[in-house]
Structure formats: structure tokens, C-alpha cells
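Listed below are the residues making up each chain.
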Amino acid sequence: MQHRPTPEDDIDAVDEQLLALLQANGRASYAELARQVGLSAPAVHERVGKLESAGVITGYTAVVDPAAVGLGVTALVGIIDSDENDDVGMLEAMSGLPQVQDCWRTAGTEGYVLKVRVTDIPALEDTINALNRIRGVSRTRTTVVLSTKWEGRHGRAE
């Protein structure tokens, strides 16, 4: 089982700065990070390795413009559970749909909220129909995204 950081773990101001820098540019070299935080590259390498081992840094990814790869429609789909809710089965079925990019367990009427990306409205309709056929899904509530002002940048415009 992977260690999850707790408040008493030693994440200091330098680690916080490294995390912010890596979130802004996950491809930054250890030398570049070292210059920005005032440490040596080996010291930064060690700190980043500890953050990865502790599960603070869980991965690195490329951010792709959805429209550039033909995914022009984004929607948020709320899943309302039925009485026959099988979380494991539902999660497995939802994760098997490549259109579902993100999944959040939520409080309130909707048990889950999904971020769905598809080519067009007919593809969104197909995805909603597929979601409604999953055992444990009572119904869905869909919000189509008209435009994205920011995403994944904590509100910082680039």
C-alpha cells in the first residue's frame, strides 16, 4: 500500500515551490528547477524522487487540445444511482468508455460527475445512452460546455 502524505510529513516551502513549478511545466529539467529554487540539481532530483515515492506526485502528463484531436464537444454528466448501485461494476463500466475522461464521486443527488469529450452531439447522445444502460445508473443529467475559460490551471490564465 502506498504511503499517503499527512500534515506531519515534511513538505516544506521548497517542496511546495517544486510542486508548483512541475505543475506549470512537468518537463522542466532538474537543472532548471534547481535554478528556480536555489538548490543543486542532485538535491532537486532527490526531493522530487521523495515526493514521487510519497505519492504526492502521482504522474506526469501531456495536455492536449481536445479540439485539435477532433473532440469538439465537452459535457459534464451527472450519474444518479439506482437502488441496485454496484460501485465497482459502475466504475468499471464507466472507465471502459473512452469518452469519459474524468470521474468524481460526489455528495448530493448525483453520485458521480463525469467529464465526457466527444466529436459531436450525436456522439454525446450515444455516450449518454451507453451510460444509462450501465447497471446501477438510474438516470443522468447532462450539462454541455459552451466554452472553456480555463482547465487544469487553477484559474491562472496563460
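Keep in mind it's a predicted model, so treat the numbers as computed, not measured.

Caption draft 1: View of the environment of V69. With respect to the helices and strands, the residue V69 is situated in the loop between α3 (41-53) and β1 (73-81). Judged by relative accessible area, V69 falls into the exposed class, the value being 53%. Sequence separation of V69 and T143 is 74 residues, and the distance between their C-alpha atoms is 22 Å.

Caption draft 2: Spotlight on helix α2 (residues 30-37). The complete set of buried residues in α2 reads L33, A34 and V37. One side of α2 holds all its buried residues, which, seen down the axis, span an arc of 100 degrees. Considering only its buried residues, α2 is in contact with α1 (13-24) and α3. At the exit of α2 stands G38, carrying a positive phi of roughly 80 degrees.

Caption draft 3: Inspection of the side chain of D15 at higher detail. As for its position among the elements, D15 is in helix α1. On the basis of relative accessible area, D15 is assigned to the buried category, the value being 6%. With near-sequence residues (within four places) excluded, D15 lies in contact with D10, R47 and L51.

Caption draft 4: Main features of the environment of K50. Position of K50 relative to the elements: it lies in helix α3. A residue is classified by how much of its surface remains accessible, and K50, at 54% relative accessible area, is exposed. Expressed as a C-alpha distance, the spacing of K50 and V69, which sit 19 residues apart in the sequence, is 35 Å.

Caption draft 5: Structural detail: the pattern of salt bridges. Applying the stated rule across the entire model yields ten salt bridges. Between D12 and R47 there is a salt bridge, with the nearest N and O atoms lying 3.0 Å from each other. Of this pair, D12 sits in the segment before α1 while R47 sits in helix α3, and the two are 35 residues apart along the sequence. A relative accessible area of 23% places R47 in the partly exposed class. Across the pair K115 and E151 runs a salt bridge whose closest N-O atoms are separated by 2.5 Å. Remark: E151 occurs in the segment after β4 (137-144) and K115 occurs in strand β3 (residues 112-118); sequence separation between them is 36 residues. K115 gets classed as buried once you look at its relative accessible area, which sits at 12%. Residue E151 is classed as partly exposed on the basis of its relative accessible area of 34%. Among the charged side chains, a salt-bridge network with shared partners connects D102, K115, R117 and E151.

Cut-offs and rules
- All residue numbers here refer to positions counted from 1 along the written sequence of the relevant chain.
- Whole-chain, interface and lining totals are the exception, using all residues; otherwise, since this is a predicted model, local features are given only for residues with pLDDT of at least 70 and side-chain atom pairs are given and counted only at 80 or more.
- Only hydrogens and water are set aside; all other atoms, that is, all heavy atoms of the structure, feed into the side-chain values.
- Strands are runs of DSSP state E lasting at least two residues, helices are runs of H or I lasting at least four, and both sets are numbered from the N terminus onward.
- Relative accessibility decides the category of a residue: with a 1.4 Å probe and only protein chains considered, values under 20% of the type maximum give buried, values over 50% give exposed, and everything between is partly exposed.
- Each C-beta atom gives one direction from the helix axis, and the arc is the one those directions make.
- Residue contacts follow a heavy-atom distance rule, with two residues in contact if any of their heavy atoms lie within 4.5 Å.
- By convention in these notes, a salt bridge is any Lys or Arg side-chain nitrogen within 4 Å of a carboxyl oxygen on Asp or Glu.

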